[in-house]
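Overview (structure and organization)
Letter by letter, the chains look like this.
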Amino acid sequence: MQLKNPILGLCQQSTFMLSAAKVDQCPDDEGFEVAFAGRSNAGKSSALNTLTHASLARTSKTPGRTQLLNFFKLDDERRLVDLPGYGYAKVPIPLKQHWQRHLEAYLGSRESLKGLILMMDIRHPMTDFDLLMLDWAVASGMPMHILLTKADKLTYGAAKNTLLKVQSDIRKGWGDAITIQLFSAPKRMGLEEAYTVLADWMELADKGSDEAE
């Protein structure tokens, strides 16, 4: 009998660790980190809360509230990171520049960062910010997995067609390394696929099957 994905238990017991305005305020750069990125209205906080079965990330009717790097502890070695929401028009320019500078510093310097989950609203995929993140991930060799969020807002057929189109565009522009899936926080759609990616990046993928043998 194969046990459940071991990342499930870790996500369910996850706790808030700290918020950092700058890279030098981040936790020690060791172990495994997976970061969640996305435009301010892409449903990032809702996705994080659904994956962790907790209200770790603050959701807000006003996009752009995540202004810090927020770290959540899974165990002594593993963390999830909620990156600042990006691209919300009402955020003052100096604050945007601060986020961009420290976001780039974090992405470029963290040895413990094992992968990036990029959230795209399925109704508005491939924004300028998304393209920048795709370019960065490929240039730096960082594994990336895309959640097409709010998939419940479209019919299943329309959602599937958008998935195939975005997948095709990414393959043409950035190659086959980037993976993508449909996701809906309210409908809990796509959780298993997302957990599998997290477990793989955090080197938990084989533990369930090993223990089950």
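Fair warning: this is a prediction, and the values are worked out from it, not measured in the lab.

1. A few points about the overall build of the protein chain
Within the protein chain, the secondary structure is distributed over 7 helices and 7 strands. Going from N to C terminus, the protein chain has its helices and strands arranged as α-β-β-α-β-β-α-β-α-β-α-β-α-α. Buried residues in the protein chain amount to 46% of all 213 residues. Of the contacts formed within the protein chain by residues at least 6 apart in sequence, a portion of 75% connects residues at least 24 apart. In the form shown here, the protein chain has an accessible surface area of approximately 10,700 Å², with 50% of it arising from carbon and sulfur atoms.

2. Structural notes on the sheet that holds strand β2 (residues 32-38)
Read from one edge to the other, the open sheet built from 7 strands follows the order β1-β3-β4-β2-β5-β6-β7, with strand pairing classed as mixed. Either end of the sheet is taken by a strand with one partner, and the two such strands are β1 (15-20) and β7 (179-182). The mean inter-strand angle of the sheet, taken between neighbouring strand axes irrespective of direction, is 25°. Relative to strand β5 (residues 113-121), β2 runs parallel, the two sharing 6 bridges. Bridging from a neighbouring strand, Ala-37 pairs with Leu-118 of β5.

3. Quick word on the side chain of Arg-110
You can see Arg-110 is positioned in the loop between α3 (93-109) and β5. A distance of 2.9 Å separates a polar atom in the side chain of Arg-110 from the backbone oxygen of Pro-27. Setting aside anything within four residues of it in sequence, one finds Arg-110 in contact with Cys-26, Pro-27, Asp-28, Asp-29, Glu-33, Phe-71 and Arg-79.

4. Considering the confidence of the model for the protein chain
Overall, the prediction assigns the protein chain a mean pLDDT of 86, with 83% of residues at 70 or greater. For residues 207-213, every residue scores under 50 in pLDDT, and the model assigns this stretch 9 contacts once sequence neighbours within four places are set aside.

5. With respect to the nonpolar core
Ranked by size, the top nonpolar core spans 32 residues in total, and within it Leu-83, Tyr-106, Leu-116, Met-144 and Ile-146 carry the most contacts. Those elements that provide at least two residues to this core are β2, β3 (69-73), α3, β5, α4 (128-140), β6 (144-149), α5 (156-174) and β7. The residues touching Leu-116, leaving out its near neighbours within four places in the chain, are Ala-35, Ala-37, Leu-83, Leu-107, Met-133, Trp-136, Met-142, Pro-143, Met-144, His-145 and Trp-201.

6. What about the environment of Asn-41?
Mapped onto the elements, Asn-41 comes out in the loop between β2 and α2 (44-52). For the pair Asn-41 and Asp-121, spaced 80 residues apart in the sequence, the C-alpha separation amounts to 7.6 Å.

7. Focus on unusual backbone geometry
A positive phi angle is found at Lys-150, which is not glycine, with a value near 60°. Inspection of the secondary structure puts Lys-150 in the loop between β6 and α5. At Arg-188, a position not held by glycine, the phi torsion is positive, near 55°. As for its placement among the helices and strands, Arg-188 is situated in the loop between β7 and α6 (191-201).

8. Quick notes on the pairing of β6
With 6 of 6 residues buried, β6 lies mostly within the body of the structure. Judged by which residues are buried, β6 turns out to be covered on both faces: Met-144, Ile-146 and Leu-148 on one side and His-145, Leu-147 and Thr-149 on the other are all buried. Each parallel crossover has a hand, and the one from β5 via α4 to β6 is right-handed. As defined by bridge partners, β6 adjoins β7 across 4 bridges and the pair is classed as parallel. Bridge pairing in β7 places Leu-147 opposite Gln-181. For the handedness criterion, the β-α-β arrangement of β6, α5 and β7 is classed as right-handed.

9. A few points about the pattern of salt bridges
The full count for this structure, using the stated rule, is 11 salt bridges. Across the pair Asp-75 and Arg-78 runs a salt bridge, and its minimum N-O distance is 2.9 Å. Members of the salt-bridge network, linked through shared partners, are Asp-29, Glu-33, Arg-79 and Arg-110.

About the criteria used
Residues numbered from 1 in each chain as written. Predicted model: local features only at pLDDT ≥ 70, side-chain atom pairs only at ≥ 80, totals over all residues. Heavy atoms only, no water. Helix = DSSP H or I, 4+ residues; strand = E, 2+ residues; numbered from the N terminus. Buried < 20%, exposed > 50% of the residue type's maximum accessible area, 1.4 Å probe, protein only. Contact = heavy atoms within 4.5 Å. Areas by Shrake-Rupley, 256 points an atom, 1.4 Å probe, with all protein chains shown as cover. Pairing = 2+ DSSP bridges. Axes fitted to C-alpha atoms, helices over the stretch in contact; angles between N-to-C directions. Polar contact = N/O pair within 3.5 Å; in protein donor to acceptor, adjacent residues only side chain to side chain. pLDDT = per-residue confidence, 0-100. Core = buried A, V, L, I, M, F, W, Y, C linked by side-chain atoms within 4.5 Å. Right-handed = clockwise from strand over helix to strand, strands pointing away. Salt bridge = Lys/Arg side-chain N within 4 Å of Asp/Glu carboxyl O.

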